[in-house]
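Coordinates in review
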Amino acid sequence: MSSSNQTMPATSPGVGERLRDARMEAGLTVADVATRLRMQLRVIDALEAEDWARLGAPVFIRGQLRSYLCLLKLPESLADGVSDANVRPPELTPRTYTPPMQRMLDKAMGRAVYVVITALIAVPVWVATRSHVDNSRPVETASLGLDGNIQTPAEASRPARPTPVTASLGALPKRAPAVPAATEFDAQAGAGLVMRFSGDSWIEVIGSDGAQVEQALVQAGQERRFEAGTVSRVKLGNATAVEVSSGGDVQDLSRFQRANVARFTVSSDGALAPASE
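A few points on the structure. (Residues numbered from 1 in each chain as written. Predicted model: local features only at pLDDT ≥ 70, side-chain atom pairs only at ≥ 80, totals over all residues. Heavy atoms only, no water.)

**So, the side chain of Gln64**
- Structurally, Gln64 is set in helix α4 (residues 58-71).
- Those residues in contact with Gln64 that sit more than four places away from it in its chain are Met39, Val43, Leu47 and Leu55. (Helix = DSSP H or I, 4+ residues; strand = E, 2+ residues; numbered from the N terminus. Contact = heavy atoms within 4.5 Å.)

**Focus on the pattern of salt bridges**
- Counted under the stated rule, the structure contains 8 salt bridges.
- The salt bridge partner of Glu227 is Arg103, with a shortest N-O separation of 3.2 Å. Here Glu227, found in the loop between β6 (223-226) and β7 (231-237), pairs with Arg103, found in helix α5 (residues 100-136); they are 124 residues apart in sequence, far enough to count as distant.
- Judged by relative accessible area, Glu227 falls into the partly exposed class, the value being 22%.
- Among the ionic pairs, Glu227 bridges to Lys107, the shortest N-O distance being 3.9 Å. Taken as a pair, Glu227 in the loop between β6 and β7 and Lys107 in helix α5 lie far apart in primary sequence, 120 residues in all.
- The class for Lys107 is partly exposed, based on a relative accessible area of 34%.
- Where salt bridges share partners, they join Arg196, Glu223, Arg225 and Glu243 into one cluster. (Salt bridge = Lys/Arg side-chain N within 4 Å of Asp/Glu carboxyl O. Buried < 20%, exposed > 50% of the residue type's maximum accessible area, 1.4 Å probe, protein only.)

**Thoughts on the packing of aromatic side chains**
- The tally for this structure, following the rule as stated, stands at 2 aromatic pairs.
- Aromatic pair Phe60 and Trp202: ring centres 6.3 Å apart, planes at 75 degrees, arrangement edge-to-face. Highlighted residues: Phe60 in helix α4 and Trp202 in strand β4 (residues 201-207), separated in sequence by 142 residues.
- Owing to a relative accessible area of 7%, Phe60 belongs among the buried residues under this scheme.
- We classify Trp202 as buried; its relative accessible area is 2%.
- Pairing Phe256 with Phe264 gives two aromatic rings, centres 5.5 Å apart and planes at 40 degrees, and the pair type is tilted. (Phe/Tyr/Trp six-rings, centres within 6.5 Å; stacked < 30°, edge-to-face > 60°.)

**Quick notes on the environment of Ile203**
- Mapped onto the elements of the fold, Ile203 is located in strand β4.
- Separated by 31 residues in the primary sequence, Ile203 and Val234 place their C-alpha atoms 7.3 Å from one another.
- Not counting residues up to four positions away in its chain, the partners in contact with Ile203 are Phe197, Glu214, Gln215, Ala216, Val218, Arg224, Lys235 and Leu236.

**A short note on α4**
- Compared with an ideal rise of 1.5 Å per residue, which puts 14 residues at 20 Å, α4 spans 20 Å between its outermost C-alpha atoms and is within 8% of the ideal.
- The buried count for α4 comes to 11 of 14 residues, which makes it a mostly enclosed element.
- Buried residues of α4: Pro58, Val59, Phe60, Ile61, Arg62, Gly63, Gln64, Leu65, Ser67, Tyr68 and Leu69, and no others.
- Immediately beyond the C-terminal end of α4, within one or two residues, lies Lys73, with a positive phi of roughly 60 degrees. (Expected span 1.5 Å × (residues − 1).)

**Focus: the environment of Ile61**
- Secondary-structure assignment places Ile61 in helix α4.
- The exposure class of Ile61 is buried, given its relative accessible area of 0%.
- Along the primary structure Ile61 and Ala79 are separated by 18 residues, whereas in three dimensions their C-alpha atoms are 8.1 Å apart.

**A closer look at the nonpolar core**
- Ranked by size, the top nonpolar core spans 22 residues in total, and within it Ile44, Leu65 and Tyr68 carry the most contacts.
- Sorting the residues of this core by element identifies α1 (15-25), α2 (30-37), α3 (41-49) and α4 as the ones contributing at least two each.
- Setting aside residues up to four positions removed in sequence, Tyr68 forms contacts with Leu19, Arg23, Val33, Leu37, Ile44, Leu47 and Glu48.
- In terms of nonpolar packing, the next biggest core, distinct from the first, is built from 20 residues, Leu193, Met195, Ile203 and Val234 among them. (Core = buried A, V, L, I, M, F, W, Y, C linked by side-chain atoms within 4.5 Å.)

And the structure:
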């Protein structure tokens with residue numbers, strides 16, 4: 001992350017110094033503030049030093065400033081000086097994000113390979129077994145029947161049966177309608193984690209293996225979908241502008257939210273729980 005893209009906003013001079021002076025007057029250490037706000041020590045140091053380059057997107061900076069100002073009973077309006085124009089977040093791209101259509105195509109290709117391999121093994125076995133059974137049958141002498149068709153001795157000994165004139169269509173078995181292949185994928189997608197954005201929000205998503213899945217500034221009107229069991233931890237800036245659904249149910253983010261920043265974990269069954277810093 002380049003520090004040239006993030007500079008101290010000119011509209012909020014001295015906010016870090018005011019935070020440091022108020023903390024010292026209250027008899028609090030940096031560790032005390034970090035414990036009360038559930039923030040890392042480096043975040044508290046960066047806020048007091050006004051080192052915005054270490055704090056990420058403007059929405060995170062404003063949220064963390066408001067929490068600190070509220071703790072020291074200082075005006076929260078001091079955090080409004082950090083604007084999107086003064087602090088420009090870096091443009092990040094997902095590292096391991098795979099589009100849903102690509103995942104569905106990969107599954108279909110895997111099934112096709114499995115079918116081909118099964119056919120290559122089963123067809124030769126069936127042909128060999130079929131030829132062995134045919135060779136083991138006794139040879140029967142065919143004869144000409146009364147209707148001009150060739151009959152085996154076993155068929156010639158059977159009494160003639162009347163030939164039906166018409167067949168009953170109602171006796172034909174009905175086939176069950178084929179289920180579209182996409183039904184299984186849609187059901188799985190609906191059972192996962194879905195985030196819909198009505199406003200700009202900075203997100204950070206950690207996968208079940210601990211690797212970072214996505215970190216980006218998402219624009220209003222966009223949507224993010226993740227399959228069940230693939231996400232373990234989520235952090236959302238401007239959380240009031242994000243609707244989160246898990247297993248098809250809309251979740252209440254207020255219990256995970258502090259200063260308009262929501263942090264929560266996602267279990268393998270889709271349950272959400274508060275996440276510590």
